[in-house]
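Remarks on the overall topology
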There are 2 protein chains.
Amino acid sequence: MGTTSKALSLLEYFDRTQPVIGLSDLARLSGVNKATCFRLMSELVEHGLAEQITESREYRIGPAVLRLAALREAAVPLRDLAMPILQRLAQTTGETAHMSHLVGGRLATLAYAYSAAHAMKVMMEDAEVLPFHATSSGYAVLAHMTPPLAEAILSQPLAPVTKSTPVRAPDVRSRMAEVRRLGHARTAETFEADVASLALPLFDARGAVSGAIAVAAPVTRMLPSASARTLTALIAAAREAMAGWGGQIPDELDALWRQTQEATP
Amino acid sequence: MGTTSKALSLLEYFDRTQPVIGLSDLARLSGVNKATCFRLMSELVEHGLAEQITESREYRIGPAVLRLAALREAAVPLRDLAMPILQRLAQTTGETAHMSHLVGGRLATLAYAYSAAHAMKVMMEDAEVLPFHATSSGYAVLAHMTPPLAEAILSQPLAPVTKSTPVRAPDVRSRMAEVRRLGHARTAETFEADVASLALPLFDARGAVSGAIAVAAPVTRMLPSASARTLTALIAAAREAMAGWGGQIPDELDALWRQTQEATP
DNA sequence: CCCTGTTGGTTTATTATATGAACCGACGGT
DNA sequence: ACCGTCGGTTCATATAATAAACCAACAGGG
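Residues numbered from 1 in each chain as written. Chains lettered and ligands numbered in written order. Predicted model: local features only at pLDDT ≥ 70, side-chain atom pairs only at ≥ 80, totals over all residues. Heavy atoms only, no water.

Looking at the overall build of chain A
From N to C terminus, chain A includes 10 helices and 9 strands. Here chain A has a C-alpha radius of gyration of 20 Å; the compact-globule value for 265 residues is 18 Å, and the two agree. The dimensions of chain A, computed from C-alpha atoms along their principal axes, are 60 × 40 × 40 Å. Burial statistics for chain A: of 265 residues in total, 54% are counted as buried. Considering only contacts within chain A whose residues lie at least 6 apart along the sequence, 55% involve residues at least 24 apart. When the accessible surface of chain A is summed, it comes to about 11,800 Å², and 54% of that surface belongs to carbon and sulfur atoms. Averaging the locations of the 25 positively and 26 negatively charged side chains of chain A gives two centres separated by 2 Å. (Helix = DSSP H or I, 4+ residues; strand = E, 2+ residues; numbered from the N terminus. Rg over C-alpha atoms; globule rule 2.2 N^0.38 Å. Buried < 20%, exposed > 50% of the residue type's maximum accessible area, 1.4 Å probe, protein only. Contact = heavy atoms within 4.5 Å. Areas by Shrake-Rupley, 256 points an atom, 1.4 Å probe, with all protein chains shown as cover. Lys, Arg positive; Asp, Glu negative; His and termini not counted. Charge placed at Lys NZ, Arg CZ, Asp CG, Glu CD.)

So, in structure tokens, the structure goes:
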């Protein structure tokens, strides 16, 4: 592995639950030698990708990412593109809509929108990492990624997020097959009790899966008739999003979606 | 220089005017060998910091920065902290207020707010890099950074942005001295014709200059009386921003600002 | 008041890794 | 068919990354 990769991989240990990490902790977490870790972090700090807190000397994500993110958004206004679509999706379904993004082998929440239809709704967090085996978005993505990558994910221990979360690889695999057969992913109470969710995979310009778009609702409202309506709205939103950034829908999936759309006019 | 630094420095060639760069161009710009450049970019792409456009095979900033930026904002809500302050500043002065941030030796626009008072106003761009010798924010920062860093910037060729932009290092240096003497920076028509601007430096927790806050207006509206009112509003805003993130104002500057505030009640 | 286990950071010889000149096939003009 | 340039690859060479041991400083605990 390249040195640069090692340095960049250090950044992936920072997340919402652990936004600041000390040198020794980071070395332990990453398995990188402490001296190496120090040098790498120093270089990241030099370029503003990381930052050292004055007092505690711990590290956190640096200010340079703000400039880069603004640049990225300017070049590829992904979130700007997603927001109106999600808002419309939330409004027509009356439930919470969200989009997630595959980056560095992890699925992160990119944007979301709420509906005003119900007082009780599913709430989202910014930049939250979604477990593949416990969310509909995760299954939608997992089912359409390259087999080696999916295997790499399945070979890691699967945490039981709720009592209903599948933790055995065979169970996950059979769900993946089902997702491929139906063209969409559905979960209920696998990520949080009383929450059901419906998701579609999203693809980039190369036709590789790049994320998912989903609608989450209380299980009591995700009844068959509502699900059917939600699914057609979801398909329209997915098509719109991918049209916006030149994503390529695989042919078989496109056919499946078309069938679904025609079945529910 | 470390390999990681070399890789990260490649990211700095992407900006608003050049959001996508081909391999050969990037190698030329950075002076890095083409093969090396390729390998480094491949590693950046692997981690999502860069991305390759499918068709043209050119590179641009990648999607991972979005996750990192969200994380950074969550840990250090800089922009969230700045926005209400800028909005109030824009409202009380009736002009465009903006804040910029020193990152990797460059001054980048972080946030800005407009006033509804006038139809004609100075417009800002996201993540724009401000030339040190052509903007009031640049002078405010330049005048308070460590001499070696300032010298490094002055040793580079100074582009004549407008007809009034100082391009000779002695001129810039005398302006810097003036900024230090007065406690604030003022420019007129150095960045764009008919635009005048007033800026204050901002400091981080270590007391090192970290950016600037400024008000920009048409020269015809930046008259002495308006300038005095703007300056006091600017000082209040700068103090508020630094209080919000624990910035340390150098003692002499704090005294200068206090005098100004007391002179204009 | 020492003991012990941390912390962030530094030094060193060793070696693995980055490097760059030359090369390749593909594309676009002329 | 020629020429220049593109993104990408190869491989011998040498530079840059590495990790163990070592600091000094701090924080409890006995």
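The rest of the description comes next.
Details of the packing of aromatic side chains
The description of two aromatic rings rests on the distance between their centres and on the angle between their planes. All names here are of chain A. One pass over the full model with this rule turns up 2 aromatic pairs over all chains. When the ring of Y112 is compared with that of Y114, the centres are 5.6 Å apart and the planes differ by 50 degrees; the resulting orientation is tilted. On the basis of relative accessibility, which here comes to 30%, the residue Y114 falls in the partly exposed class. (Phe/Tyr/Trp six-rings, centres within 6.5 Å; stacked < 30°, edge-to-face > 60°.)

Concerning the relation of the copies chain A and chain B
Copy one and copy two of the chain differ by a rotation about an axis and a translation along that axis. Superposition record for chain A on chain B: RMSD 0.2 Å, screw rotation 179 degrees, translation along axis 0.1 Å. These values place the two chain copies in the arrangement generated by a two-fold rotation axis. When C-alpha distances to the rotation axis are compared across chain A, the minimum falls at A:T4, with a value of 2.6 Å. Looking at the interface residues of chain A, 100% of them are also at the interface in chain B, so both copies use one shared face. (Least-squares fit on C-alpha atoms with pLDDT ≥ 70 in both.)

Points about the protein's contact with DNA strand D
Taken together, 18 residues sit near DNA strand D, with A:N33, A:R39, B:T3, B:S24 and B:K34 positioned nearest. Counted by atom, the contact set of DNA strand D within 4 Å of the protein is 69% sugar and phosphate. For DNA strand D, a phosphate oxygen lies 3.1 Å from a polar atom in the side chain of A:K6. At a separation of 2.6 Å, a phosphate oxygen of DNA strand D approaches a polar side-chain atom of A:R39. Among the secondary structure elements, those contributing two or more residues to the surface near DNA strand D are α1 (3–11) and α3 (34–46) of chain A together with α2 (23–30) and α3 (34–46) of chain B. Split into classes, the residues belonging to the surface near DNA strand D amount to 5 nonpolar, 8 polar and 5 charged. (Near = heavy atom within 4 Å. Polar contact = N/O pair within 3.5 Å; in protein donor to acceptor, adjacent residues only side chain to side chain. Nonpolar A, V, L, I, M, F, W, Y, C, P; charged D, E, K, R; others polar.)

So far we have only geometry, and geometry alone does not tell us how the molecule works.
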